[in-house]
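So the chains spell out like this:
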Amino acid sequence: MELSARNQLKGKVTNVDLGAVMANIKIEVSEPNTITAVITKESAERLGLKDGDDVTAIIKSTEVIIGK
């Protein structure tokens, strides 16, 4: 399945908890080893980002979509 969303992490379902309306799905993730982030040039400069820096990638989203 091809999607335009870049924050895709492949994994395996480890638990399905079905509620009356919603379902909680636990997914074990091991790939990818690289996450690509697109941020503004101003933010990159303000953070002083350079090769070799230790950083934390935080994925912000209002929802998670599962594709199978």
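Residues numbered from 1 in each chain as written. Predicted model: local features only at pLDDT ≥ 70, side-chain atom pairs only at ≥ 80, totals over all residues. Heavy atoms only, no water.

An unreviewed UniProt entry annotates the protein as Molybdenum-pterin-binding protein originating from Methanobrevibacter millerae. Note on the protein: under the UniProt heading Subcellular location (unreviewed entry), the record states "Cell membrane". (UniProt positions renumbered as here; feature names shortened; annotations may be inferred.)

**Student:** What is the right way to look at the overall build of the protein in this model?
**Tutor:** From N to C terminus, the protein includes one helix and two strands. The linear arrangement of helices and strands in the protein, starting from the amino end, is β-β-α. Counting over 68 residues, the protein shows a buried share of 0%. Contacts in the protein between residues far apart in sequence, at least 24 positions, make up 26% of those at least 6 positions apart. Carbon and sulfur atoms make up 52% of the accessible area of the protein, which amounts to about 7100 Å² in all. (Helix = DSSP H or I, 4+ residues; strand = E, 2+ residues; numbered from the N terminus. Buried < 20%, exposed > 50% of the residue type's maximum accessible area, 1.4 Å probe, protein only. Contact = heavy atoms within 4.5 Å. Areas by Shrake-Rupley, 256 points an atom, 1.4 Å probe, with all protein chains shown as cover.)

**Student:** Can you help me understand the pairing of strand S2 (residues 23-29) in this one?
**Tutor:** In regular strands, side chains alternate between the two faces of the sheet. One ladder, built from seven bridges, connects strand S1 (residues 11-18) with S2; its direction is antiparallel. Note that in S2 the partner of Asn15 across the bridge is Lys26. Joining the antiparallel neighbours S1 and S2 is a turn of four residues. (Pairing = 2+ DSSP bridges.)

**Student:** Teacher, can you tell me more about the pattern of salt bridges here?
**Tutor:** A side chain of one charge can pair with a side chain of the opposite charge if their charged atoms are brought near each other. Scanning the model with the defined rule gives two salt bridges in all. Between Glu45 and Lys41 there is a salt bridge, and its shortest N-O distance comes to 3.9 Å. Linking Glu45 with Lys41, this pair stays in helix H1 (residues 41-47), spanning four residues, or about one helical turn. Looking at Glu45, the relative accessible area reads 53%, which means it is exposed. For Lys41, a relative accessible area of 64% gives the class exposed. The salt bridge partner of Asp53 is Lys50, with a shortest N-O separation of 3.2 Å. With a relative accessible area of 29%, Asp53 lands in the partly exposed category. (Salt bridge = Lys/Arg side-chain N within 4 Å of Asp/Glu carboxyl O.)

**Student:** So what exactly am I meant to see when it comes to a nonpolar patch on the surface here?
**Tutor:** Together, Leu9, Val13, Val16, Leu18, Ile25, Ile27, Val29, Ile35, Ile59, Val64 and Ile66 make up a nonpolar patch on the protein surface, roughly 990 Å² of accessible area in all. Among the elements of the structure, S1 and S2 are those that each provide at least two residues to the nonpolar patch. Structurally, the position occupied by Val13 is in strand S1. (Patch = residues over 30% accessible without salt bridge, like charges linked within 9 Å, V, L, I, M, F, W, Y side chains within 5 Å.)

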